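Given next are the chains, with one letter for each unit.
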Amino acid sequence: MIIGRGLCDRACYLQCTISILQQCIHSHKWRMLCAILAVQISNLRKREQQPVTTHEKLLQQQIQEFTRRFGLLDQNVTPCNYPISPSQAHALQVLALADKMTLQTLAMQLNLDKSTVSRLVTQMVDLEWVLRTVNQENRREIHLALTSTGRVILDQVLEAGSVKYQRLYERLPPEKRADILEALALLNDALWAEQTASTQKRRHEVESQGGSTSAPLKQAR
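Bear in mind that the values here come from a model prediction, so they are computed numbers and not experimental data.

Parameters and conventions
- Residues numbered from 1 in each chain as written.
- Predicted model: local features only at pLDDT ≥ 70, side-chain atom pairs only at ≥ 80, totals over all residues.
- Heavy atoms only, no water.
- Core = buried A, V, L, I, M, F, W, Y, C linked by side-chain atoms within 4.5 Å.
- Buried < 20%, exposed > 50% of the residue type's maximum accessible area, 1.4 Å probe, protein only.
- Helix = DSSP H or I, 4+ residues; strand = E, 2+ residues; numbered from the N terminus.
- Contact = heavy atoms within 4.5 Å.
- Axes fitted to C-alpha atoms, helices over the stretch in contact; angles between N-to-C directions.
- Parallel < 35°, antiparallel > 145°, perpendicular 65-115°, else oblique.
- Nonpolar A, V, L, I, M, F, W, Y, C, P; charged D, E, K, R; others polar.
- Salt bridge = Lys/Arg side-chain N within 4 Å of Asp/Glu carboxyl O.

**Thoughts on the nonpolar core**
- Formed by 24 residues in total, the largest nonpolar core has its most connected members in I84, L92 and L106.
- For this core, the secondary structure elements donating two or more residues are α4 (86–95), α5 (103–110), α6 (114–126), β3 (142–146) and α7 (148–171).
- Among the elements that take part in this core, α4 stands out by supplying five residues, more than any other.
- What I84 contacts, discounting residues up to four positions off in sequence, is N76, V77, T78, A89, L92, W129, I153 and V157.

**Digging into the packing of α4 against α6**
- At a closest axis distance of 11 Å, the pairing of α4 and α6 adopts a crossing angle of 80°. Viewed along their axes, α4 and α6 adopt a mutual orientation that is roughly perpendicular. Across the interface between the two elements, S87, Q88, A91 and L92 from α4 touch L120, Q123 and M124 from α6.
- Per-class residue counts for the contact of α4 with α6 are four nonpolar, three polar and no charged.

**Notes on the environment of Y165**
- As for its placement among the helices and strands, Y165 is situated in helix α7.
- Under the relative-accessibility criterion, Y165 is labelled partly exposed at 48%.
- Linking Y165 and P79, residues 86 residues apart in sequence, is a C-alpha distance of 9.9 Å.

**Concerning the pattern of salt bridges**
- Under the definition given, this model contains two salt bridges.
- The salt bridge partner of E65 is R68, with a shortest N-O separation of 3.1 Å. Here the residue E65 and the residue R68 both occupy positions in helix α3 (residues 55–69), the gap between them amounting to three residues, near one helical turn.
- Between R69 and E65 there is a salt bridge, with the nearest N and O atoms lying 2.4 Å from each other. Here R69 and its partner E65 are both found in helix α3, four residues apart, which amounts to about one turn of the helix.
- Judged by relative accessible area, which is 69%, R69 ranks as exposed.
- Residue class for E65 comes out partly exposed when judged on its relative accessible area of 28%.

**Side note on the environment of L110**
- Note on placement: L110 falls in helix α5.
- Along the primary structure L110 and H90 are separated by 20 residues, whereas in three dimensions their C-alpha atoms are 7.3 Å apart.
- Excluding its chain neighbours within four sequence positions, the residues that come into contact with L110 are H90, A91, V94, V117 and L120.

Here you go:
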């Protein structure tokens, strides 16, 4: 139930209960009065245990439902049904944005920790999708770039995705399409702001303990 409606229902419920109790008192039906009180107390306890749906809860439910229906829980295929993991598909798309990219930058763009991305890159190097080289000017820095094979895989992923998104877009009510795109953009902005705030908080906690962190602090777009 929604909060406002829940409060209204509860007020009506209590009003009816009070009316019944008053009738019992006036007619001196004490046993009936005790029985009614026991039942009403039990009902109130059950109502208190029922979950109250807030706007935040609805947002959570919608995002979780979207995640499941879009196929993001399957790590063997992309949502467009291409037979590679979603992480690999996203890594290919991010790496295509530059001729070369550091591991740290890729981790930041994917919103994954550096160790996870390092394992992901190793898989893609073994598949010959990604070329990994050491920066000669800073040997602690790793440069990543797509190979010709990686670009072929990326083109196939993008083609499959284009078909998927076209079908999905056509299923949206025409009069609602602009609103849906705007809502998704706003949601992405909120997620970015939350992510930035979380990163700043972690960095502050580490620095306050006298440590240091190598995790990049994401700047607002």
